[in-house]
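Descriptive structure summary
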Amino acid sequence: MKKIVGEVKKLREELRRGVEKLGLRVLPSETNFLFIELPVKGEIVAKELKKRGILTKYFRRPEIERFLRVSVALREENKVFLENLRDVLEMIRSRGTAL
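Residues numbered from 1 in each chain as written. Predicted model: local features only at pLDDT ≥ 70, side-chain atom pairs only at ≥ 80, totals over all residues. Heavy atoms only, no water.

**Brief notes about the overall build of the protein chain**
Note the threshold: In this description a helix means any DSSP run of H or I spanning at least four residues, a strand means any run of E spanning at least two, and both kinds are numbered starting from the N terminus. As a reference, a globule follows 2.2 Å times the number of residues to the power 0.38, and the radius of gyration itself is taken over C-alpha atoms. Think of it in three bands: with a 1.4 Å probe and only protein chains considered, a residue is buried below 20% of the maximum accessible area for its type, exposed above 50%, and partly exposed in between. Between two residues, a contact is recorded if the distance between any of their heavy atoms is within 4.5 Å. Here the accessible surface of atoms and residues is derived via Shrake-Rupley with a 1.4 Å probe, and residues count as covered only by protein chains that are part of the display. Neither His nor the chain termini are counted; the positive set is Lys and Arg, and the negative set is Asp and Glu. A charged residue contributes its charge at one atom only: NZ of Lys, CZ of Arg, CG of Asp or CD of Glu.
Secondary structure summary: the protein chain contains 3 helices and 4 strands in total. Taken from the N to the C terminus, the helices and strands of the protein chain come in the order α-β-β-α-β-β-α. By the compact-globule yardstick of 13 Å for 99 residues, the protein chain fits well, its C-alpha radius of gyration being 13 Å. Here the C-alpha coordinates of the protein chain stretch approximately 45 × 25 × 20 Å along the principal axes. For the protein chain, buried positions account for 33% of its 99 residues. The long-range fraction of contacts in the protein chain, counting pairs at least 24 apart against all pairs at least 6 apart in sequence, stands at 65%. Of the roughly 6,600 Å² of accessible surface on the protein chain, 55% is carried by carbon and sulfur atoms. One way to put it: in the protein chain the 24 positive side-chain charges average out to a point 2 Å from where the 15 negative ones average out.

**Re the packing of aromatic side chains**
Threshold: Here is the rule: rings of Phe, Tyr and Trp (six-membered ring for Trp) pair when centre to centre is within 6.5 Å. Planes less than 30 degrees apart are stacked, more than 60 are edge-to-face, and the remainder are tilted. Charge-over-ring placement is defined geometrically: NZ (Lys) or CZ (Arg) within 6 Å of the ring centre, and within 35 degrees of the ring normal.
A full pass over the atoms with the stated rule returns 2 aromatic pairs. Ring geometry for Phe35 against Phe59: centres 5.4 Å apart, planes inclined by 70°, an arrangement best described as edge-to-face. Here Phe59 lies in the loop between strand 3 (57–58) and strand 4 (67–71) and Phe35 lies in strand 2 (residues 33–37), a separation of 24 residues in the sequence. Residue Phe35 shares its accessibility class with Phe59, and that shared class is buried. Here Phe35 and Phe67 contribute two aromatic rings whose centre-to-centre distance is 4.8 Å and whose plane-to-plane angle is 10°, an arrangement assigned as stacked. In this pair, Phe35 is assigned in strand 2 and Phe67 in strand 4, connecting sequence segments 32 residues apart. Assigned by exposure class, Phe35 and Phe67 land together as buried. Through pairs of rings, three or more aromatic residues link up here, namely Phe35, Phe59 and Phe67. For Arg69, the ring lying beneath its charged end belongs to Phe33, and the centroid distance is 5.0 Å.

**Let's talk about the sheet that holds strand 2**
Think of a sheet as strands paired side by side through backbone hydrogen bonds, with each pair either parallel or antiparallel. Just so we agree on the cut-off: By definition, two strands form a pair when at least two bridges between them are found by DSSP.
If you walk across this open sheet you meet the 4 strands as 1-2-4-3, and the pairing is antiparallel. Looking at which strands have only one partner, the edges of the open sheet turn out to be strand 1 (25–26) and strand 3. Note: strand 1 against strand 2, 2 bridges, orientation antiparallel. Bridge pairing links Val26 to Ile36 in strand 2.

Note that all results are geometric; they support no functional claim without further evidence.
Structure follows, in structure tokens:
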């Protein structure tokens, strides 16, 4: 069990660093998911990611509507998420979607 917990922590840290490299803030986490602050409503990003087969959780409460909850996954899955998140953010920025 300790080995699994250690691996999840390692993957969570790798995912956190990857998200931060995209210029996004990640709230501290001791769980198997990250809470990511976005420049737009989380719903916008979540729906674009869903079109690409990536499921995340967004929130409609005004105080957290610009956040996305993402589960820590296997290294390759995290890599795919990061690549798609980068692409979605670039697409949103290029379209000038209202912040």
